[in-house]
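Coordinate analysis (summary)
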Amino acid sequence: MYDRMKAHLSTEQKLTRARTQLVLKQPFFGTLSLRLKLLPGAVATMATDGTRIYYNRAFVDGLTPSELEGVLAHEVMHCALGHHCRRGGRNLRRWNEAADLAINPILLNNSFALPAGALFDPAYDNLSAEEIYARLEKQGSESGSNGKSQNGGGAGQATSPNTQHPSPSQPTQPSSPSSTDNSPSSSSGHDASQSGGSSGIAEAQGAETARPGGFGEVLDATDDQGKPVSPAETSRQQHEWAIAAEQAVRMAKTCGHEPANVERALSENRESKQDWRAILRTFVAATTAADYRWTPPNRRHIASGLYLPSVDRTGVGTIVIGVDTSGSIGQKELEQFAGEITAISDEMQPEVIYVVYCDAAVQATQSFGAGDSIQLEPKGGGGTDFRPVFQWVEANDIQPQCLVYLTDLCCRSYPEVPDYPVLWVTDSRRTAPFGETIRISVD
């Protein structure tokens, strides 16, 4: 019966029918799917940019009706969780793998059928795309350029997509970042000027061949003409989708079809789990001294006939790193933090980095020059007091460009607000009373 129906329906009719079934059976996903325009495109499977869903006719025609509903729901979840707005500078292919591993368990728990080989690994359950991406990156760095973990672990295929908790079989490993398909598809409207390199359909899916385990890609946010958008517009689109998703959840509840595990994912998305590494780098870079000069002029405005001064950044001065050694910060956090500080040192070439180890008092210090590898050797283990690090800075007549403090913030002994920028890096959900606070997540 299905084969006879398949022969008579056009691709567009199949998509319309699948969307109608979603509205009737899974109103959360169906309602949100109506926000996306369906357009044929030069894609291997499907791809969404938060405004449209591009589809490959042959791919759609090869799916069963239930699988097509599952793929549409997959694209909807990319948008509901803001994946089209959250990639930043991450590799697009690996970002898609991470997003798939975050989404597919939710779809399976909602009884959707997914195409054979869909990426699934219970090790990534309840993790955000950012957290999964960080783990995939770590696996890739440990195993070389092939992107596979040394122990053979990784993203498995859902061999029984109609069950809620399939067991992985014949593991499909997240593959290494693609460096070949970088020219955008003309039908997508993306161009190579977008953050992180080309984000067009060609890069997302190779235009002709699907990514292993991939059947519904997510592209970066675009405007109504399919052009890359500004950070402000990206933020606006993510906010709009968040509101729409919350409304869709409430509507689905009134219909008696509350989606499983969706509210938790939306709640975590609202918490804005940002990449702490990117925030750390931005914070340090923002403290770099800058001045203006006329030679060369600002090239951005020359085409408009305006000759304006350009910004001359003179480099990072002294950075002070405070490390809480009261026993609350683990070795993994220390290693991650040290690696990121090393990268900042390599990129920004500070004059000197002072590391100050402190529990209830300063226990030891280290100093590193520009480009030195940061090897943290913590000393201490007593109580906690944040004041001694700031007192040490003042006593040694140091004028830091900024001070970064790694701590769990389990202390109320804060100093007076200093006259230099302070960033608190913590593994807890506490917030310091001054400066900026970011949360470090262990990969």
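Residues numbered from 1 in each chain as written. Predicted model: local features only at pLDDT ≥ 70, side-chain atom pairs only at ≥ 80, totals over all residues. Heavy atoms only, no water.

1. Points about the overall build of the chain
A tally of helices and strands in the chain yields 13 helices and 15 strands. Per-residue burial for the chain yields a buried fraction of 51% across its 443 residues. For the chain, the proportion of contacts with a sequence separation of at least 24, taken over those separated by at least 6, is 63%. Counting every atom, the chain has about 20100 Å² of accessible surface; 48% of that belongs to carbon and sulfur. (Helix = DSSP H or I, 4+ residues; strand = E, 2+ residues; numbered from the N terminus. Buried < 20%, exposed > 50% of the residue type's maximum accessible area, 1.4 Å probe, protein only. Contact = heavy atoms within 4.5 Å. Areas by Shrake-Rupley, 256 points an atom, 1.4 Å probe, with all protein chains shown as cover.)

2. Description of the sheet that holds strand 2 (residues 46-48)
Read from one edge to the other, the open sheet built from four strands follows the order 1-3-2-7, with strand pairing classed as mixed. The sheet is open, and its two edges are formed by strand 1 (37-40) and strand 7 (217-218), each paired on a single side. Sheet topology places strand 1 next to strand 3 (residues 52-55); four bridges connect them, and they run parallel. Looking at strand 3, one finds that Leu38 is bridged to Ile53. Across the sheet, helix 5 (residues 65-80) is in contact with strand 1, strand 2, strand 3 and strand 7; its angle to strand 2 comes to roughly 25 degrees. (Pairing = 2+ DSSP bridges. Axes fitted to C-alpha atoms, helices over the stretch in contact; angles between N-to-C directions.)

3. Section: the sheet that holds strand 15 (residues 436-439)
Judged by pairing direction, the sheet is mixed, and its six strands sit side by side in the order 12-11-10-13-14-15 without closing on themselves. The sheet terminates laterally at strand 12 (362-368) and strand 15, the two strands that pair on one side only. With strand direction ignored, the average angle separating the axes of adjacent strands in the sheet is 20 degrees. Pairing between strand 13 (residues 402-406) and strand 14 (residues 422-426): four bridges, direction parallel. Bridge assignment links Leu403 to a residue of strand 14, and that residue is Val422. Packing of helix 11 (residues 276-286) onto the sheet brings it into contact with strand 10 (318-324), strand 13, strand 14 and strand 15, and relative to strand 15 it is tilted by some 155 degrees. Taken strand by strand, helix 12 (residues 331-348) contacts strand 10, strand 11 (352-358), strand 13 and strand 14, and its axis lies near 160 degrees from that of strand 13.

4. Brief notes about the pattern of salt bridges
Oppositely charged side chains are able to pair whenever their charged atoms sit close together. Summed over all chains, the structure comprises 13 salt bridges. In this structure, the salt-bridge partner of Arg87 is Asp220, at a minimum N-O distance of 2.6 Å. With Arg87 in the loop between helix 5 and helix 6 (92-109) and Asp220 in the loop between strand 7 and helix 9 (231-254), this pair connects stretches of sequence that are 133 residues apart. The exposure classification of Arg87 matches that of Asp220, with both residues buried. (Salt bridge = Lys/Arg side-chain N within 4 Å of Asp/Glu carboxyl O.)

5. Structural notes on the packing of helix 2 (residues 11-25) against helix 5
As a packed pair, helix 2 and helix 5 sit with axes 9 Å apart at the nearest point and diverge in direction by 75 degrees. It follows from the interaxial angle that helix 2 and helix 5 lie roughly perpendicular. Residue-level contacts link Lys14, Leu15, Arg17, Ala18, Arg19, Gln21, Leu22 and Lys25 of helix 2 to Pro65, Leu68, Glu69, Leu72 and Ala73 of helix 5. A per-class count over the contact of helix 2 with helix 5 returns seven nonpolar, one polar and five charged. (Parallel < 35°, antiparallel > 145°, perpendicular 65-115°, else oblique. Nonpolar A, V, L, I, M, F, W, Y, C, P; charged D, E, K, R; others polar.)

6. Examining helix 11
Within the span of helix 11, buried status applies to Trp276, Leu280, Phe283 and Val284. Summarising the axial view, the buried residues of helix 11 lie within an arc of 95 degrees, below the 170-degree limit, and thus occupy one face. In this structure, helix 11 carries Thr282 and Ala286 as exposed residues pointing more than 90 degrees from its buried face. Those residues of helix 11 hidden inside the fold are in contact with strand 10, helix 12, strand 13, strand 14 and strand 15. (Arc of directions from axis to C-beta.)

7. Re the environment of Gly380
With respect to the secondary-structure elements, Gly380 resides in the loop between strand 12 and helix 13 (387-395). Along the primary structure Gly380 and Tyr357 are separated by 23 residues, whereas in three dimensions their C-alpha atoms are 7.3 Å apart. Sequence-distant contacts of Gly380, that is, excluding residues within four places in its chain, are made with Thr325, Asp359 and Gln363.

8. As for the nonpolar core
Membership of the largest hydrophobic core comes to 40 residues, with the highest contact counts inside it found for Phe28, Phe29, Leu32, Met46, Met77, Leu107 and Leu266. Those elements that provide at least two residues to this core are helix 2, helix 3 (27-33), strand 3, helix 4 (57-61), helix 5, helix 6, helix 9 and helix 10 (262-270). Here this core takes eight residues from helix 5, the largest share from any one element. For Leu266, the contacting residues outside a window of four places in its chain are Phe28, Ala80, Leu81, Ala245, Glu246 and Val249. Counting 26 residues, the second-largest nonpolar core is a separate cluster that includes Val284, Ile344, Cys402 and Val404. (Core = buried A, V, L, I, M, F, W, Y, C linked by side-chain atoms within 4.5 Å.)

9. Quick look at helix 2
In this model, helix 2 (15 residues) spans 21 Å end to end at C-alpha, consistent with the 21 Å of a helix rising 1.5 Å per residue. For helix 2, every residue scored as buried is listed here: Thr11, Lys14, Leu15, Ala18, Arg19 and Leu22. Down the axis of helix 2, the smallest arc covering the buried residues is 130 degrees, so these residues share one side. (Expected span 1.5 Å × (residues − 1).)

10. As for the confidence of the model for the chain
Here the chain averages 77 in pLDDT, while 73% of its residues score no lower than 70. Across the chain, the element-wise mean pLDDT spans from 32 in strand 6 (residues 168-169) up to 97 in helix 13. Considering only residues more than four positions removed or in separate chains, one finds that residues 144-207, a stretch of pLDDT under 50, has 164 contacts. (pLDDT = per-residue confidence, 0-100.)

11. Considering the packing of aromatic side chains
Scanning the model with the defined rule gives 15 aromatic pairs in all. Judged by centre distance (5.7 Å) and plane angle (65 degrees), the ring pair of Tyr354 and Trp392 falls under edge-to-face. Pair noted here: Tyr354 is in strand 11 and Trp392 is in helix 13, with a separation of 38 residues, a long-range link. Classification of Tyr354 as partly exposed rests on a relative accessible area of 25%. When the ring of Phe386 is compared with that of Tyr405, the centres are 5.2 Å apart and the planes differ by 75 degrees; the resulting orientation is edge-to-face. A residue pair is termed long-range when its members are at least 10 positions apart, and Phe386 in the loop between strand 12 and helix 13 and Tyr405 in strand 13 qualify at 19 residues. The residues Phe386 and Tyr405 share a single accessibility class, namely buried. Joined through ring pairs, the aromatic side chains of Phe386, Phe390, Tyr405, Tyr414, Tyr420, Trp424 and Phe434 make up one cluster. (Phe/Tyr/Trp six-rings, centres within 6.5 Å; stacked < 30°, edge-to-face > 60°.)

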